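Residue-level listing of the chains:
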Amino acid sequence: MRLFSENFLSKRLKAFFCLITSSTIAWFVPITFAPPMEALLHVDRPILLGYVLWFGLSLAVLLEVVGAYEPKLIRAPLRQYVAFLLASIGAALSLLIIFWIIEYQFIGRYMIAYSALGAGTACYVLILGLEKLSKNNPPKILLLVEDENLSAIKAEAKKLQKNGVWYDRKALGPKDSLESFCAIEGIDWIVLDHAVDMEKTQVLDLLATGVSIFSLAQFWEIFFQKIPAHCIDNSWLIRLDLKLRNPFTHKLRRLVDFFLASCCLILSFPFLVLVAIFIVLESGLPVLFTQKRVGAMGKPYLMFKLRTMRSDAEAAGAKWASVRDDRTTAVGRFLRKYRIDEIPQCWNIIKGEMSIVGPRPERPEFMDELCQKVPHWNSRNLLKPGLTGWAQILHNYSADISSSEEKLAYDLYYLKNASFILDLEIILSTLRSLTKGSR
């Protein structure tokens, strides 16, 4: 694997680099530039280390919120630099607040400015440099897959602008051995699907050349962060390690869900009252909209939302929702754009019917058709449905069977990789999408 390939530079690794870089700068700035009366100089070194790590952690989190880890710095460098500076200013303010709460003193304004400017600029230069190295060192991937899968992979790579040097069976000469070809071309990954005779593949000899070998499902998971349903079978489902269904993890997750949903409802209550007034003024009652959805293990429940459509929106029967749905009211379009209509679902979370993060709950009216036409659709029900999720932040509305199958690919990825760290990444990405209107 090339050291600076795109897949080496995961979001989490970028966040770690930024945490270390910003913490280091925050440590040396007061020691180097602070006047004698600076409050930071008068705390013990272990306590100062705690403060600078808080600054670094805050910056790493805020950089995810502003989308700084997305592979787009090279395309819009000035705009991204501003985003880095805004995140570093936010981190500096968080340091100022936590320092005042604990020490009951203020950090000097010059220390705040130097730390924010220095950390923001250093992290920007670091990530920009890594992105350029990544772009100049694309992984070399040999796809030993069926033509249909080959076309799908290349189309997805083009759509997501994933860098890679692609090879297929046609690149192999009639007398070339797979081992010698990989050694000469410097192949990083080999992707095998079910059509390949695994018995004839000299796995040990290939591994000796430094090549990583992946199944089709593994490749989609690692490279595209999704798993198409046609790439898995029952044996894949059997091997799932559902960590979130562990009793201790389940209770901890339930506690976090309850706390966050309760805080959300309490803090948003005055705003919800104002929104309710606008809904009534435009289209009358009711303010809330209830709809039956399918929850964990196929158990139905009643989901609550703010009403965004006309009262007679489904007089002719259930219909798929779409991005520009003509049944939506003017107030409803605003609420849907910024996901404000989803806030009442916090009550479903408090009741234990939903989670903060999970697959989007489906309507029972569509379940039979989806289960018949989309393989493994029911696997989504292994976890509680979520207010937000991996599919919600990476995929738009599902308005038909085809887009539902695409959504399932993201849900399968979450099902395989669900963790508190991934949940945090999804929540932060959701906050970013809210600032620009995500629906």
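Structure's up top.
Scoring rules and cut-offs
- Residues numbered from 1 in each chain as written.
- Predicted model: local features only at pLDDT ≥ 70, side-chain atom pairs only at ≥ 80, totals over all residues.
- Heavy atoms only, no water.
- Helix = DSSP H or I, 4+ residues; strand = E, 2+ residues; numbered from the N terminus.
- Expected span 1.5 Å × (residues − 1).
- Buried < 20%, exposed > 50% of the residue type's maximum accessible area, 1.4 Å probe, protein only.
- Contact = heavy atoms within 4.5 Å.
- Salt bridge = Lys/Arg side-chain N within 4 Å of Asp/Glu carboxyl O.
- Axes fitted to C-alpha atoms, helices over the stretch in contact; angles between N-to-C directions.
- Parallel < 35°, antiparallel > 145°, perpendicular 65-115°, else oblique.
- Left-handed = near helix turned anticlockwise from the far one by under 90°.
- Nonpolar A, V, L, I, M, F, W, Y, C, P; charged D, E, K, R; others polar.
- Phe/Tyr/Trp six-rings, centres within 6.5 Å; stacked < 30°, edge-to-face > 60°.
- Lys NZ or Arg CZ within 6 Å of the ring centre and 35° of its normal.
- Pairing = 2+ DSSP bridges.

K.L.:
Residue-level account of helix α3 (residues 77–103), with values.
P.N.:
For α3, spanning 27 residues, the distance from its first C-alpha to its last is 38 Å, which sits close to the expected 39 Å at 1.5 Å a residue. Burial in α3 covers these residues: Q80, A83, F84, A87, S88, A91, A92, S94, L95, L96 and F99. Where α3 is buried, its residues contact α2 (45–65) and α4 (109–136). Backbone geometry just after α3 places Y104 at a positive phi near 55°.

K.L.:
Describe in detail the pattern of salt bridges, supporting the description with residues and values.
P.N.:
Under the counting rule described, the total for this entry stands at 21 salt bridges. Its salt-bridge partner being K154, residue D168 comes within 3.9 Å of it at the nearest N-O pair. With D168 in strand β2 (residues 165–168) and K154 in helix α5 (residues 147–159), this pair connects stretches of sequence that are 14 residues apart. The salt bridge partner of K159 is E406, with a shortest N-O separation of 3.6 Å.

K.L.:
An account of the packing of α2 against α4 is requested, with residue identities and associated values reported.
P.N.:
Any two packed helices are characterised by how steeply their axes cross, that is the angle between the axes, and by the distance between the axes. In contact at an axis separation of 12 Å, α2 and α4 are set at 55° when each is read in the N-to-C sense. With respect to each other, α2 and α4 are oriented oblique. You can see that α2 and α4 cross each other, and the crossing is right-handed. Contacts between α2 and α4 involve F55, L59 and L63 on the former and, on the latter, S115, A119 and C123. The class makeup of the residues in the contact of α2 with α4 is 5 nonpolar, 1 polar and no charged.

K.L.:
Lay out the packing of aromatic side chains in plain terms, naming residues and giving numbers.
P.N.:
Taken as a whole and assessed by the stated rule, the structure comprises 20 aromatic pairs. A ring pair is formed by F16 and F17, whose centres lie 6.4 Å apart and whose planes are at 50°; its orientation type is tilted. Given a relative accessible area of 48%, F16 falls into the partly exposed group. The exposure class assigned to F17 is partly exposed, which follows from its relative accessible area of 26%. Look at W189 and F223: their rings are 5.8 Å apart centre to centre, the planes differ by 75°, and that puts the pair in the edge-to-face class. Of this pair, W189 sits in strand β3 (residues 189–192) while F223 sits in helix α8 (residues 216–224); the two residues are 34 residues apart in sequence, bridging distant segments of the chain. Of the two residues, W189 and F223, neither departs from the other in class, the shared state being buried. Members of the aromatic cluster, joined through ring pairs, are W166, W189, F214, F219, W220, F223 and F224. A cation sits over an aromatic face here: K162 above F223, 5.5 Å from the ring centre. The lysine or arginine in question, R380, covers the ring of W377, its NZ or CZ lying 4.5 Å from the ring centre.

K.L.:
Tell me about the sheet that holds strand β1 (residues 140–144), and please be specific about residues and values.
P.N.:
A sheet is described by the order of its strands in space; here 4 strands give the open sequence β2-β1-β3-β4, paired in parallel fashion. Only two strands of the sheet have a single neighbouring strand rather than two, namely β2 and β4 (212–215). On average, each strand axis in the sheet is tilted by 25° relative to the strand beside it, whichever way the strands run. Pairing geometry for β1 and β2, over 4 bridges, is parallel. When the sheet's bridge partners are listed, L142 is paired in β2 with Y167. Contacting β1 and β2, α5 crosses the sheet at an angle of about 175° to β2.

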